[in-house]
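# Fold and geometry: a report
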Amino acid sequence: MRLSQAINHFSKDCLDGWNGTKWVEKIAYGSLLTYDRFISARNFGLKKRIFLTGSDVGQMDSFSTVRTATGEVYLIESKNSDTDVCATNYANSYQLLRAQYQAEVIQLDTVASASGTPTDVTRTVMATHYCDLERISSRSASADVPDIAYSQIYIVLPGIANVSTDSELRVNGILYDIKEVERQLLSVVCYCYKRSGENV
Amino acid sequence: MNRNEFTLALKSTIDKKGVDLAAALGVAQFLDMDDTTNASTILQGEEDVIVWQFATLDESPIDPLYTAIFSVGAKTSTDASNYDMLQFISSVQDTFKKGGNIPIYNYSGTVAGTTLGGTMTIVQSGVEAQEYDKESGYRFVSVAARVNRET
């Protein structure tokens, strides 16, 4: 029995793909594997899935955000292709990250003053993406006001997101200033500070 | 010039001098280090930047006479022998040289003000020791000026 036949036999789970404005149904069939069979203080296992397809990946490579039949939204983080001894691709595994939030990408625009320096900051929403958000460290204390601390957050966006350290992200009404942008295989990780502080 | 816009006009005048200096040196940015909107984004990059920081503005002895203290300098990153840094510092010293007079106008709006707000006379200008922040070096010229507001 060929390896690809075995993979295709179990490819019964269907995914929809987000094209930026609507869901495109049934873009690919594969096996959606579980990943969270352990308990720890870290929750990454609870957010990840492996989607295993045969050699026919459907339209998986045309989308960065997908949805399961139960309505769960995931970002595609990476793709690995398996080949047999004849270098023929027989399976592909996609690592998916649960995206429970939506982030607005905000561009800060300024006007040049007569001195040549920028002034009059305005915010413009450039795009909205599904995202994952997680706090990566304990709150960072204010340098001058000991009762105030600022949360450090990382937000994972789909690879098509156009962001830079000049951008902000808004998730659930909260503004985050992007400090660092790291482009990974098929996703973008933004390390951010919350714009507003919190009482310690 | 009204007293309630004079400090802003002074700050914007220093901005204008610095922007013109940066353009003449071919440096991409002239940055106020107290600018919470732009500072971190620009300073974390590897490009050379002309930087400055407004320290104090004291009535001396009383309005319309003031003493202003501020620092103007540069940040460099990949700078073998530190020659770029010292070239920038030389130019900063020349722009804000002791005995120099700088007219004050309000450049904070989109159109430059045309009413003379006052005059700044540099009375002290000295190069400070270099500081470091991870991969970058910073060096400043400490400037003290006597300022009079036009009434």
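Below you will find a few notes about this structure.

Quick notes on the rules
Residues numbered from 1 in each chain as written. Chains lettered and ligands numbered in written order. Predicted model: local features only at pLDDT ≥ 70, side-chain atom pairs only at ≥ 80, totals over all residues. Heavy atoms only, no water. Helix = DSSP H or I, 4+ residues; strand = E, 2+ residues; numbered from the N terminus. Buried < 20%, exposed > 50% of the residue type's maximum accessible area, 1.4 Å probe, protein only. Contact = heavy atoms within 4.5 Å. Areas by Shrake-Rupley, 256 points an atom, 1.4 Å probe, with all protein chains shown as cover. Pairing = 2+ DSSP bridges. Axes fitted to C-alpha atoms, helices over the stretch in contact; angles between N-to-C directions. Phe/Tyr/Trp six-rings, centres within 6.5 Å; stacked < 30°, edge-to-face > 60°. Polar contact = N/O pair within 3.5 Å; in protein donor to acceptor, adjacent residues only side chain to side chain. Buried area = accessible area lost by both parts, 1.4 Å probe. Salt bridge = Lys/Arg side-chain N within 4 Å of Asp/Glu carboxyl O. Disulfide = S-S within 2.5 Å. Core = buried A, V, L, I, M, F, W, Y, C linked by side-chain atoms within 4.5 Å.

### Let's talk about the overall build of chain A
Secondary structure assignment for chain A yields two helices and 15 strands. Out of the 200 residues belonging to chain A, those deemed buried represent 42%. Look at the contacts in chain A between residues 6 or more apart in sequence, and 53% of them connect residues 24 or more apart. Summed over all atoms, the accessible surface of chain A reaches about 11,100 Å², with 48% contributed by carbon and sulfur.

### Comments concerning the sheet that holds strand 5 (residues 73-83) of chain A
Residues and elements named next belong to chain A. Spatially, six strands are ordered 1-2-3-6-5-4 in a closed barrel, and the strand pairing comes out antiparallel. Each strand axis lies, on average, 50 degrees off the axis of its neighbour in the sheet, ignoring direction. Strand direction decides the pairing type here: strand 2 (residues 23-33) and strand 3 (residues 48-54), joined by three bridges, are antiparallel. Within strand 3, the residue paired with Leu 32 across the bridge is Phe 51.

### Observations regarding the packing of aromatic side chains
Residues and elements named next belong to chain B. A complete count under the given rule lists 10 aromatic pairs over all chains for this structure. Summarising the aromatic geometry, the rings of Trp 52 and Phe 70 are spaced 6.1 Å apart at their centres and angled 90 degrees between planes, so their arrangement reads as edge-to-face. Here Trp 52, found in strand 2 (residues 49-59), pairs with Phe 70, found in strand 3 (residues 65-76); they are 18 residues apart in sequence, far enough to count as distant. Aromatic rings pair up to connect Phe 30, Trp 52, Phe 54, Phe 70 and Phe 96 into one cluster.

### A few points about the side chain of Asn 92 of chain A
All names here are of chain A. If you trace the backbone, Asn 92 turns up in strand 6 (residues 89-98). Polar side-chain contacts of Asn 92 include one of 2.7 Å to the side chain of Ser 81. Once residues within four sequence positions are removed from consideration, Asn 92 is found in contact with Phe 51, Leu 52, Thr 53, Gly 54, Ser 55, Val 57, Lys 79, Asn 80 and Ser 81.

### Concerning the interface of chain A and chain B
Accessible area lost during the coming together of the parts is what is often quoted as the interface size. Every contact between the two is made by 13 residues of chain A and, on the other side, 15 residues of chain B. Between chain A and chain B, a total of about 1,000 Å² is buried, with carbon and sulfur atoms accounting for 53% of that surface. Here chain A is connected to chain B by zero salt bridges. Across the chain A-chain B interface, the total number found is three residue pairs in polar contact (both at pLDDT 80 or more). Contributing elements (two or more residues each) for the side of chain A that touches chain B: strand 7 (101-112) and strand 8 (118-135) of chain A. Top contributing element to the side of chain A that touches chain B by residue count: strand 8 of chain A, with three residues.

### A few points about the environment of Thr 70 of chain A
Counting through the fold element by element, Thr 70 of chain A comes out in the loop between strand 4 (65-67) and strand 5. Side chain to side chain, Thr 70 of chain A and Thr 68 of chain A meet in a polar contact 2.9 Å long.

### Thoughts on the pattern of salt bridges
In the structure shown here, the tally under the stated rule is 14 salt bridges over all chains. The salt bridge partner of Glu 134 of chain A is Lys 47 of chain A, with a shortest N-O separation of 2.9 Å. Placement of Glu 134 of chain A in strand 8 and of Lys 47 of chain A in helix 2 (residues 44-47) is noted, with a sequence separation of 87 residues between them. The pair formed by Glu 134 of chain A and Lys 47 of chain A is uniform in burial state, with each residue classed as buried. Each of Arg 3, Glu 59, Asp 63 and Arg 149 of chain B takes part in salt bridges that share partners, so that together they form one network.

### Points about the sheet that holds strand 8 of chain A
Residue and element names in this part refer to chain A. In space, the six strands of this closed barrel follow the order 7-8-11-14-13-12, with antiparallel pairing throughout. Taking each pair of neighbouring strands and ignoring which way they run, the sheet shows an average axis angle of 45 degrees. Here strand 13 (residues 174-183) pairs with strand 14 (residues 187-194) via seven bridges, running antiparallel. Looking at the pairing, Arg 183 lines up with Val 188 of strand 14.

### Structural notes on the state of the cysteines
Applying the stated criterion across every chain, the model contains zero disulfides over all chains. Here Cys 190 of chain A stays unpaired: no disulfide links it, and the sulfur of Cys 192 of chain A, its closest cysteine neighbor, is 5.4 Å away.

### Quick notes on the nonpolar core
Core analysis: the biggest nonpolar cluster contains 31 residues, and Ile 50, Phe 70, Val 72, Phe 96, Met 120 and Val 147 of chain B have the highest contact counts within it. Every element with two or more residues in this core is listed here: helix 1 (3-25), strand 2, strand 3, helix 3 (83-95), strand 4 (101-104), strand 5 (118-127) and strand 7 (136-149) of chain B. With seven residues, the top contributor of residues to this core is helix 1 of chain B. Not counting residues up to four positions away in its chain, the partners in contact with Val 147 of chain B are Phe 6, Pro 64, Leu 65, Tyr 66, Ala 68, Ile 104, Thr 119 and Met 120 of chain B. Counting 16 residues, the second-largest nonpolar core is a separate cluster that includes Cys 131, Leu 133, Ala 161 and Val 188 of chain A.

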